[in-house]
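Summary of the model geometry
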Amino acid sequence: HERKGDSRFDEVLGKGGGTPQPMGFFVFWMVQAFWVMLVSMPMLFVNSSNVNLPTFSGYDFGWAILFAGGVLTEIIADIQKALWVKRGRQGTFCQDGIWKYSRHPNYFGE
């Protein structure tokens, strides 16, 4: 990994001479886990339903295409930003590719 870790955790992990804070690190992970569970709840409820709809309608295809477009937008934005960072972060903000249309196209894809 080129970035050698996530700098948001440096203080909690004790990097740079500080004291490691295992409980703080645990809290970081648990908050993220709770958020993932919360965001996943609608899909968990849909998947646990007893309703069986064997056909894939045009409505379903539309949502699948929208989802695929969002994922593709996020992937392209992340790659473009990584390349911009690798080139030395020219300028104040990334304005390469789809970044010239939005300040957060990777989040737009989500």
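Quick summary incoming for the structure in this document. (Residues numbered from 1 in each chain as written. Predicted model: local features only at pLDDT ≥ 70, side-chain atom pairs only at ≥ 80, totals over all residues. Heavy atoms only, no water.)

Attention now moves to a nonpolar patch on the surface. Side chains of M23, F26, V27, M30 and V31 sit close together on the surface and give an oily, nonpolar patch of about 510 Å² of accessible area. The residue F26 is located in helix α2 (residues 22-47) in this model. (Patch = residues over 30% accessible without salt bridge, like charges linked within 9 Å, V, L, I, M, F, W, Y side chains within 5 Å. Areas by Shrake-Rupley, 256 points an atom, 1.4 Å probe, with all protein chains shown as cover. Salt bridge = Lys/Arg side-chain N within 4 Å of Asp/Glu carboxyl O. Helix = DSSP H or I, 4+ residues; strand = E, 2+ residues; numbered from the N terminus.)

Moving on to the layout of surface pockets. Here the second largest pocket defines a volume of roughly 250 Å³. The wall of the second largest pocket is formed by W63, L66, F67, G69, G70, V71, T73, E74, F108, G109 and E110. For the lining of the second largest pocket, the elements supplying multiple residues, two or more each, are α3 (58-86) and α4 (105-109). In terms of residues, the lining of the second largest pocket owes the most to one element, α3, which gives 8 residues. Class assignment for the residues of the lining of the second largest pocket results in 5 nonpolar, 4 polar and 2 charged. (1 Å grid on protein atoms, 1.4 Å probe; cavity = no way out; pocket = protein on both sides within 12 Å on 5 of 7 lines; lining within 4 Å. Points joined across faces, edges and corners; volume = space filled by probe spheres on them. Nonpolar A, V, L, I, M, F, W, Y, C, P; charged D, E, K, R; others polar.)

Below, the discussion takes up α3. Its 29 residues place the ends of α3 42 Å apart at the C-alpha level, agreeing with the 42 Å of an ideal helix rising 1.5 Å per residue. Among the residues of α3, G70, A77 and W84 are the ones counted as buried. For α3, the elements touching its buried residues are α4. Following α3 by one or two positions, G88 adopts a phi angle in the positive range, close to 110 degrees. (Expected span 1.5 Å × (residues − 1). Buried < 20%, exposed > 50% of the residue type's maximum accessible area, 1.4 Å probe, protein only. Contact = heavy atoms within 4.5 Å.)

For the rest of this paragraph, the subject is the environment of P22. Turning to its location among the elements, P22 is positioned in helix α2. The spatial distance from the C-alpha of P22 to the C-alpha of V12 is 7.2 Å, given a sequence separation of 10 residues.

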